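# Structural features, examined
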Amino acid sequence: MAAVAPNVQPILPPAWLGVLGGGQLGRFFVIAARNMGYRVAVLDPHRDSPAGALAERHLAAEYEDRAALDELARLCQAVTTEFENVPAASLAHLAARTRVAPSAQCVAVAQDRIAEKAALLAHGFPVAPYAPITGEQDFGRLREFPAILKTARLGYDGKGQVDVARAADLAGAWQALGRVPCVLERRLALERELSVIVARGPDGESRAFAVAENRHRHGILDVSIVPARIDAALTERAREMARRLVGALGYVGVLGVEFFVVAGELYVNEIAPRPHNSGHYTLDACVTSQYAQQVRALCGLPLGDERLLSPATMVNVLGDAWRGGEPPPWQAVLAEPRAKLYLYGKAEARPGRKMAHFTVLDASPERALSVALELRARLGIGEA
Ligand SMILES: Nc1ncnc2c1ncn2[C@@H]1O[C@H](COP(=O)(O)OP(=O)(O)OP(=O)(O)O)[C@@H](O)[C@H]1O
Ligand SMILES: [Mg+2]
């Protein structure tokens, strides 16, 4: 068992922990922390939030609200985030008053694609050919097309992205994104998309979960298949790269690393400074979930065993599955003994909004996938 660094005292239950952001990732953090006997406070501006509803305290305030941040710091022995667009200045403000992980600096890197790609390159990680675009003088810097123009900040679920088929389309694309700082990235011929959830403790111990194979629809994660159907060497390379990455960044906490596979090679697409949608499977299929691991890393406890106990497939359920305000027929999933359903408690179902997910466990990833796709069809969610 790895020792905790002498300068980092482990935080034990029933201490208070704080989380910035009240979405479903925060909700599972709250559940994991409360299961372990911690008390949790959520800071999120929305009165109804999936995480706030299950926490002991919900501070309904903006992420920049100094009084609310001070209250959180007074109450909590450590604070983490589930929302990557929390202002880094708020994390820095908290860090002057209580333990914060991941750090403001690491979150700042992950929330800006220009800084993120520069950091990845500086540490020798492969990324798609790209150029930062901050003005017209940058237009000639990437010569490889087709490409994708992505806003440097505040993009998610494929929002803030425009296809750029040829150089002549760039000016129009940049205009369409509001002429904000962007990254122009070569569109790669993806064989597969993978992700690895990795955790690193304050003592430098790191552990990477099994590799997930991800399918997207309309830029939003649709299905994660675990373990990814790739050979053992590529699996080990992806997990090793994820561990090397958290080490290089000096990262403490849970990080989601998205990879592209192109011609058998790995490219890092992006990193998320928090648990990741594609890691929901760890709730059911691993000794330790990514959320319990987040609690452990934050509190300076030894990390838990990340071992995969069963192949699994996770399906995201978006608001599109609600017809005329009616929820999809959940009994289709609930009737399947191999499936586990999670609803996030969001009142309003909007197209594209992540409302729920379910995970199917079976003897092989193919079997789990085929059962999952059948259940998805029974919920009335069509193929892409
Ligand atoms: N360079 C690329 N070449 C080919 N496909 C790409 C490229 N960049 C992005 N994509 C596709 O678009 C999807 C979304 O891109 P990206 O992960 O950059 O955006 P995002 O909005 O931050 O998504 P999220 O936050 O949901 O992960 C990718 O998962 C991939 O399917
Ligand atoms: Mg992504």
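Predicted model only: the values in this text are computed from it and were never measured.

### Re the nonpolar core
Counting 28 residues, the largest nonpolar core has Leu194, Leu255, Val257, Phe259, Leu266 and Val268 as the members making the most contacts within it. Within the residue set of this core, elements represented by two or more residues are helix H4 (104-110), strand E10 (192-200), helix H7 (232-249), strand E14 (253-262) and strand E15 (265-272). Considering every element that reaches this core, the biggest residue donor is H7, with 6 residues. Setting aside its immediate chain neighbours within four residues, Leu194 contacts Val211, Ala212, Glu213, Asn214, Ala228, Ile230, Val257, Glu258, Phe259, Val261 and Leu266.

### A look at the packing of helix H2 (residues 66-75) against helix H3 (residues 88-95)
Relative orientation of the contacting elements H2 and H3 amounts to 40°, with a least axis distance of 9 Å. Of the possible angle classes, the one that applies to H2 and H3 is oblique. Crossing geometry of H2 relative to H3 is assigned as right-handed. On H3, the residues touching Arg66, Leu69, Asp70, Leu72 and Ala73 of H2 are Ser90, His93 and Leu94.

### Some points on the site of ligand 1
Lys150, Gly158, Glu185, Glu193 and Glu270 are the nearest of the 18 residues found near ligand 1. Within the side chain of Asn269, a nitrogen or oxygen atom sits 2.9 Å from an oxygen atom of ligand 1. Compared with its free state, where it exposes 610 Å², ligand 1 has 90% of that area covered by protein. Put simply, the parts of the chain that give the shell around ligand 1 at least two residues each are strand E7 (147-151), strand E9 (182-186), E14 and E15. Of the residues belonging to the shell around ligand 1, the class tally is 5 nonpolar, 4 polar and 9 charged. Counting only domains with at least three residues in the shell around ligand 1, you end up with domain 2 (129-186) and domain 3 (192-378).

### Focus on helix H1 (residues 24-35)
Here H1 is 12 residues long and its end C-alpha atoms lie 16 Å apart, about the 16 Å a rise of 1.5 Å per residue gives. For H1, the tally of buried residues reaches 9 of 12 residues, placing the bulk of the element in the interior. Positive phi appears at Gly37, one or two residues downstream of H1, with a value of about 100°.

### Quick notes on the sheet that holds strand E1 (residues 16-20)
The 5 strands are arranged E3-E2-E1-E4-E5 in an open sheet whose pairing can be described as parallel. Edge positions in the sheet fall to strand E3 (57-59) and strand E5 (99-100), since each of these pairs with one other strand and no more. Across 2 bridges, strand E4 (residues 78-81) lies against E5 in parallel orientation. When the sheet's bridge partners are listed, Val79 is paired in E5 with Val100.

Each value, and the rule that gives it
- Within every chain, residues take consecutive numbers counted from 1 along the sequence as written.
- Just so you know, chain letters begin at A and ligand numbers begin at 1, following the order they were written in.
- Selection of residues for local features in this predicted model requires a pLDDT of at least 70, selection of side-chain atom pairs for listing and counting requires 80 or more, and totals for whole chains, interfaces and linings are taken over all residues.
- In computing side-chain values, all of the structure's heavy atoms are included and hydrogens and water are not.
- By convention a nonpolar core is built from buried Ala, Val, Leu, Ile, Met, Phe, Trp, Tyr and Cys residues, the set being connected through side-chain atoms within 4.5 Å.
- Only protein chains enter the calculation, and the probe is 1.4 Å; a residue is then buried if its accessible area is under 20% of its type maximum, exposed if over 50%, and partly exposed in between.
- In this description a helix means any DSSP run of H or I spanning at least four residues, a strand means any run of E spanning at least two, and both kinds are numbered starting from the N terminus.
- By definition in these notes, contact holds between two residues if any of their heavy atoms fall within 4.5 Å.
- Axis lines are fitted through C-alpha atoms, for helices just across the contact stretch, and the angle between N-to-C directions can take any value from 0 to 180 degrees.
- An angle below 35 degrees is read as roughly parallel, one above 145 as roughly antiparallel, one from 65 to 115 as roughly perpendicular, and any other as oblique.
- If you view the pair so one helix is near and one far, a crossing is left-handed when the near helix is turned anticlockwise from the far one by less than a right angle, and right-handed when it is turned clockwise.
- Whether a residue is near a molecule or strand depends on its heavy atoms: if one lies within 4 Å, it is near.
- Side-chain atoms alone can form a polar contact between residues adjacent in sequence; in general such a contact is a pair of N or O atoms within 3.5 Å, and within protein one must be able to donate a hydrogen while the other accepts it.
- Only the protein chains shown count as cover for residues, and the accessible areas themselves come from Shrake-Rupley with a 1.4 Å probe.
- Residues were grouped as follows: Ala, Val, Leu, Ile, Met, Phe, Trp, Tyr, Cys and Pro as nonpolar; Asp, Glu, Lys and Arg as charged; and all remaining residues, including Gly, as polar.
- Boundaries between domains were set according to an automatic or database domain assignment.
- The length a helix should cover is 1.5 Å for every residue beyond the first.
- In this scheme, strands are said to pair when DSSP sees at least two bridges between them.

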